[in-house]
Amino acid sequence: MSFLEMENVSVTLGDTAVLEKISMRVEEGEFVSILGPSGAGKSTLFRLLTGGLPLQGGRISFGGEPLAARKNGFAFMPQRDALMPWRRIIDNLTLGLEVQGTRRREARAKVMPLLADFGLEGFADHYPAQLSGGMRQRAALLRTVVLGRPMQLLDEPFGALDALTRIQMQRWFEARWQKARWTSLLVTHDIREAVALSDRIYVLSPRPARVIAEFAVPIPRP
Ligand code: ADP
Ligand code: ADP
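So, a few notes on the structure that sits alongside this text. (Residues numbered from 1 in each chain as written. Chains lettered and ligands numbered in written order. Predicted model: local features only at pLDDT ≥ 70, side-chain atom pairs only at ≥ 80, totals over all residues. Heavy atoms only, no water.)

1. Overview of the site of ligand 2
Around ligand 2 sit Phe-123, Gln-130, Ser-132, Gly-134, Met-135, Arg-138, Thr-165 and Gln-168, and that is every residue in its neighbourhood. At 2.5 Å, a backbone N or O of Gln-130 approaches a nitrogen atom of ligand 2. Here Gly-134 contributes a backbone N or O atom positioned 3.3 Å from an oxygen atom of ligand 2. Protein chains shield 48% of the accessible area of ligand 2, which is 550 Å² for the free molecule. (Near = heavy atom within 4 Å. Polar contact = N/O pair within 3.5 Å; in protein donor to acceptor, adjacent residues only side chain to side chain. Areas by Shrake-Rupley, 256 points an atom, 1.4 Å probe, with all protein chains shown as cover.)

2. Looking at the packing of aromatic side chains
Throughout the structure, instances matching the rule amount to 9 aromatic pairs. Ring centres of Phe-31 and Trp-177 lie 5.3 Å apart, and the angle between their planes is 90 degrees; on these two criteria the pair is classed as edge-to-face. Residue Phe-31 is found in strand 3 (residues 31–35), and its partner Trp-177 is found in helix 5 (residues 163–180); the two are separated by 146 residues along the sequence. Judged on exposure class, the residue Phe-31 and its partner Trp-177 are both buried. An aromatic cluster is built from Phe-31, Phe-118, Phe-158, Trp-172, Phe-173, Trp-177 and Trp-182, whose rings are joined through pairwise contacts. The lysine or arginine in question, Arg-138, covers the ring of Trp-172, its NZ or CZ lying 5.9 Å from the ring centre. (Phe/Tyr/Trp six-rings, centres within 6.5 Å; stacked < 30°, edge-to-face > 60°. Helix = DSSP H or I, 4+ residues; strand = E, 2+ residues; numbered from the N terminus. Buried < 20%, exposed > 50% of the residue type's maximum accessible area, 1.4 Å probe, protein only. Lys NZ or Arg CZ within 6 Å of the ring centre and 35° of its normal.)

3. Describing the site of ligand 1
Taken together, Leu-13, Thr-16, Val-18, Ser-38, Gly-39, Ala-40, Gly-41, Lys-42, Ser-43, Thr-44 and Arg-207 make up all the residues around ligand 1. Here Ser-43 contributes a side-chain N or O atom positioned 2.4 Å from an oxygen atom of ligand 1. In the environment of ligand 1, an oxygen atom lies 3.2 Å from a nitrogen or oxygen atom belonging to the side chain of Arg-207. Bound to the protein, ligand 1 loses 61% of the 570 Å² it would expose on its own. Only strand 2 (16–26) and helix 1 (42–49) provide two or more residues apiece to the shell around ligand 1. Per-element tally for the shell around ligand 1: the top contributor is helix 1, with 3 residues.

4. Observations concerning the nonpolar core
Membership of the largest hydrophobic core comes to 33 residues, with the highest contact counts inside it found for Leu-120, Leu-142 and Phe-173. Secondary-structure elements contributing two or more residues to this core are strand 6 (74–77), helix 2 (89–99), helix 3 (104–111), helix 4 (133–145) and helix 5. By residue number, the principal contributor to this core is helix 4, which donates 6 residues. Formed by 28 residues, the second largest nonpolar core is a distinct cluster that contains Met-24, Leu-67, Leu-204 and Ala-209. (Core = buried A, V, L, I, M, F, W, Y, C linked by side-chain atoms within 4.5 Å.)

5. Quick word on the environment of Ser-184
Relative to the helices and strands, Ser-184 is located in strand 8 (residues 184–188). Between the alpha carbons of Ser-184 and Arg-25 there is a distance of 11 Å; along the sequence they are 159 residues apart. Other than its neighbours up to four places away in sequence, Ser-184 contacts Val-26, Glu-30, Phe-31, Val-32, Met-151, Gln-152, Leu-154 and Trp-177. (Contact = heavy atoms within 4.5 Å.)

6. Here we look at the pairing of strand 3
Judged by how many residues are buried, strand 3 sits mostly within the fold: 5 of 5 residues are covered. The side-chain alternation of strand 3 yields two buried faces, one formed by Phe-31, Ser-33 and Leu-35 and the other by Val-32 and Ile-34. Of the pairings in the sheet, the one linking strand 3 to strand 8 comprises 5 bridges and is parallel in character. Note that in strand 8 the partner of Ile-34 across the bridge is Val-187. Where strand 3 lies against strand 9 (residues 200–204), 4 bridges are found, and the strand directions are parallel. When the bridges of strand 9 are listed, Val-32 appears paired with Arg-200. (Pairing = 2+ DSSP bridges.)

Listed below in C-alpha cells is the structure:
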C-alpha cells in the first residue's frame with residue numbers, strides 16, 4: 001500500500017463538480033507533482049487532505065489508515081503570505097513548532113543550525129520585508145519542513161517569484177530535496193517545474209478535474 005492513496009475522490013461545491021474520481025498515490029520519499037491549469041481544483045484537493053473539506057466521495061488513506069484517523073500528517077506551504085510580516089524570521093520559523101508544544105528555546109535550537117542550509121544565515125533577526133523574494137520562500141519552506149510532518153504539501157511554492165529567482169530556487173530546492181527526500185506533493189501549472197522536480201506527475205483536466213495522465217519522470221536520481 002502506498003503512503004498516500006486517493007481512490008475515486010470526487011468533490012462537488014454548490015452545483016459545480018470540481019474533482020471527479022481522482023485516484024493518485026504517493027510513496028514514502030517520493031516527490032509527486034499535480035500539474036493543472038488555474039481553477040482545475042488543486043486547492044480543493046489540498047483542502048480535502050488537510051481536513052478543511054469533508055470527504056464526499058471516494059477513499060483516502062494515509063500511512064495505511066483512513067485519512068480522518070490521522071492528525072498532523074501534513075505540513076502545508078502556501079503560495080504566498082506564509083510568513084507573518086510583523087514577526088522576525090526566527091520567530092516565524094519557530095512558531096509552528098511552538099504551536100505543536102515545543103518550548104521556545106528548543107525550537108530555536110532546532111531551527112538555527114538549518115538557517116545556513118536555506119541561505120538564511122545572519123537573517124534570523126530580520127523581518128520578512130527585509131529579505132528578497134527567494135529568501136522569503138526558502139524561509140517559508142524551512143518553516144514547513146522543520147515541523148517534521150510525514151508529508152509536505154506545496155502549493156505553487158515558486159509561482160509568485162520572478163523568472164530568474166524561480167529558476168535559482170528550483171535548482172536550490174532540487175539539490176536540497178535530494179538530501180532530505182521529504183515526501184512531497186506539489187501543485188503547479190508550470191510543466192518545466194514539475195518535470196525538473198518530480199519523480200512522478202499527474203496531469204489534471206480543467207473543470208471538472210480528472211486525472212488525464214500519469215507519468216514517471218525518466219531522470220535517474222541518485
Ligand atoms: P485551483 O486551486 O486549481 O486554481 P480551486 O480548487 O481553487 O482551483 O477551484 C476549482 C474550481 O472550483 C474552480 O473552477 C472554482 O470556480 C470552483 N469552486 C471553488 N469553490 C467553489 C464553491 N464554493 N462553489 C462553487 N464552485 C467553487
Ligand atoms: P534569492 O535568489 O534567494 O532571491 P538574492 O539574489 O535576492 O537571493 O540575494 C542573494 C543574497 O543577497 C542573499 O543570500 C543575501 O545574502 C543577500 N541579500 C538579499 N537581500 C538582502 C538584504 N535585504 N540585506 C542584506 N543582504 C541581502
